[in-house]
Amino acid sequence: VTAVTDARVVVVGAGIVGVAHAITARESGYAVTVCERDGRPLGASVRNFGTLWPLGCADGAEREQARQGVRRWREVAERAGIWLAASGSLSLAYREEAWAVLGEYAAGQANAVLLEPAAVQRRFPAANGHGLRGALYSPEEAVVHPPSAMAGLVAYARSMGVVFHFGTPVVRVEAEAVETADGRRLPFDHLVVAAGEETRLLFPGAIAAAGVRRCRLQMLRTVPQPAGYAPGAIYSSDLTLCHYPAFRACPSTARLRARLEAELPAHAAWGVHVLAAPHFDGSLTVGDSHEHGEDFDPEWRTDVEQLILAALAEFLRLPDPRVASRWHGTYLRSTRGETQVVVQPQERVTLVTALGGLGMTLSWGLAQQTVDGWAERSD
Ligand SMILES: Cc1cc2nc3c(=O)[nH]c(=O)nc-3n(C[C@H](O)[C@H](O)[C@H](O)COP(=O)(O)OP(=O)(O)OC[C@H]3O[C@@H](n4cnc5c(N)ncnc54)[C@H](O)[C@@H]3O)c2cc1C
């Protein structure tokens, strides 16, 4: 910790956005307290794939922020003993249009390489070779196991002197203090509200005005695969190319989308695209679907799960396809195409939200921007 200030920072929410802000502020010498309503992080930050995925980010500032995120994750994971696999990412193409998108994407990238089917099969035998046109391998991406990674980050933040109050909802924000549900008042010089998908309690007007929308996703984890099975990368295929900002600029993406919508209308209706992220215990986290709205029916959709598993089978050989667990995750995303939404609803308060499907990747860069902003203002 390099002490530049002893000003007090309070953070609402112990998801990745809140904890990245807490660690980054503590590193700059702030006295940091985090209030989390649940007994441990249970929001989107423990419900995701754990992929740190610059590949999906738009070229330019967003990709740089994502690279910064991977670097920070790697540093902190090493210091905190968090499992992280710097496995890279394999984007497989089965349709001619998807192969064209990958070619267009690769043309602008120094690090990513295009692989012919035979090379894919040699290096990544878990990839389904049937109908494969080729793949793009990018070495920059990494994967963490979200539940253990978040627990590790909290322990690491504590070891640096960050104070956590779990089971402590913040119910009101005053000019210079927050009030918790049990009536405590915690004074702050800077407040970070990183409340994830919660939109109705703190600054609902500012959140509504920011143009964000809830999105709910269906996810699953496979049983651990037999010993010796090693996918060796994060896997995705054709559907994913229509989903992330990185590929929007590729001329062939529109053709690919049109073909996929015609061939797989149910996948399109449920916003299904599929990633598979391998973890240390041999399991794979697999998803997802996308439902947009304010409130969602409580049902787990087995038909949507079938869509996810069908798309998975197109690109991944899975020796043991049994599903060990299933869950929903919800995040906010911008309806205006913003990568993240940062609002100052009142003096001293920064509300950070809507990192959409890339919050694990982008949070460290965002936290650095917030903390640097405080230093600039006090200069
Ligand atoms: C299914 C799924 C898959 C994803 N996959 C990836 C991926 O592979 N890679 C990637 O980069 N990103 C991924 N994301 C996105 C990423 O998970 C999110 O952007 C990120 O976790 C959001 O972090 P957060 O801290 O804002 O939210 P959360 O993790 O939801 O944390 C918010 C916290 O605030 C607490 N809180 C709310 N209100 C209060 C209050 N009043 N008082 C106290 N505490 C409060 C909540 O209890 C919660 O713990 C995925 C998201 C989902 C849902």
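Residues numbered from 1 in each chain as written. Predicted model: local features only at pLDDT ≥ 70, side-chain atom pairs only at ≥ 80, totals over all residues. Heavy atoms only, no water.

Draft legend 1. How the structure looks around the packing of aromatic side chains. Within the structure shown, the criterion is met by eight aromatic pairs. Where tryptophan 73 meets tryptophan 364, the ring centres are 6.2 Å apart and the plane angle is 85 degrees; that geometry is what we call edge-to-face. With tryptophan 73 in helix α2 (residues 61-80) and tryptophan 364 in helix α11 (residues 359-378), this pair connects stretches of sequence that are 291 residues apart. Across the pair, tryptophan 364 and tryptophan 73 agree in class, each one buried. Each ring, one from phenylalanine 124 and one from tyrosine 235, has its centre 6.4 Å from the other, and the planes form 85 degrees; the classification is edge-to-face. On the criterion of sequence distance, the pair formed by phenylalanine 124 in the loop between α4 (117-123) and β7 (134-138) and tyrosine 235 in strand β15 (residues 234-236) is long-range, its members being 111 residues apart. An identical accessibility class is assigned to phenylalanine 124 and tyrosine 235; each is buried. (Phe/Tyr/Trp six-rings, centres within 6.5 Å; stacked < 30°, edge-to-face > 60°. Helix = DSSP H or I, 4+ residues; strand = E, 2+ residues; numbered from the N terminus. Buried < 20%, exposed > 50% of the residue type's maximum accessible area, 1.4 Å probe, protein only.)

Draft legend 2. Representation of the site of the ligand. In the neighbourhood of the ligand, 38 residues make up the surrounding shell, with Glu36, Ser45, Thr51, Gly356 and Thr361 lying closest. Between the ligand and the protein, one listed contact pairs an oxygen atom with a side-chain N or O atom of threonine 361 at 2.7 Å. Computed on the free molecule, the ligand has an accessible area of 1,000 Å², of which 97% lies beneath the protein chains in the complex. For the shell around the ligand, the residue count by class is 18 nonpolar, 15 polar and five charged. (Near = heavy atom within 4 Å. Polar contact = N/O pair within 3.5 Å; in protein donor to acceptor, adjacent residues only side chain to side chain. Areas by Shrake-Rupley, 256 points an atom, 1.4 Å probe, with all protein chains shown as cover. Nonpolar A, V, L, I, M, F, W, Y, C, P; charged D, E, K, R; others polar.)

Draft legend 3. Representation of the pattern of salt bridges in the model. With the rule as written, the count across this model stands at 28 salt bridges. With a closest N to O distance of 2.7 Å, arginine 72 and glutamate 27 form a salt bridge. Here arginine 72 is found in helix α2, whereas its partner glutamate 27 is found in helix α1 (residues 16-27), with 45 residues between them in sequence. Since its relative accessible area comes to 19%, glutamate 27 is described here as buried. Taken together, the salt bridges that share partners define one network made up of Arg95, Glu97, Asp238, Arg259, Glu263 and Glu314. (Salt bridge = Lys/Arg side-chain N within 4 Å of Asp/Glu carboxyl O.)

Take it as geometry only, folks, not as evidence of what the structure does.
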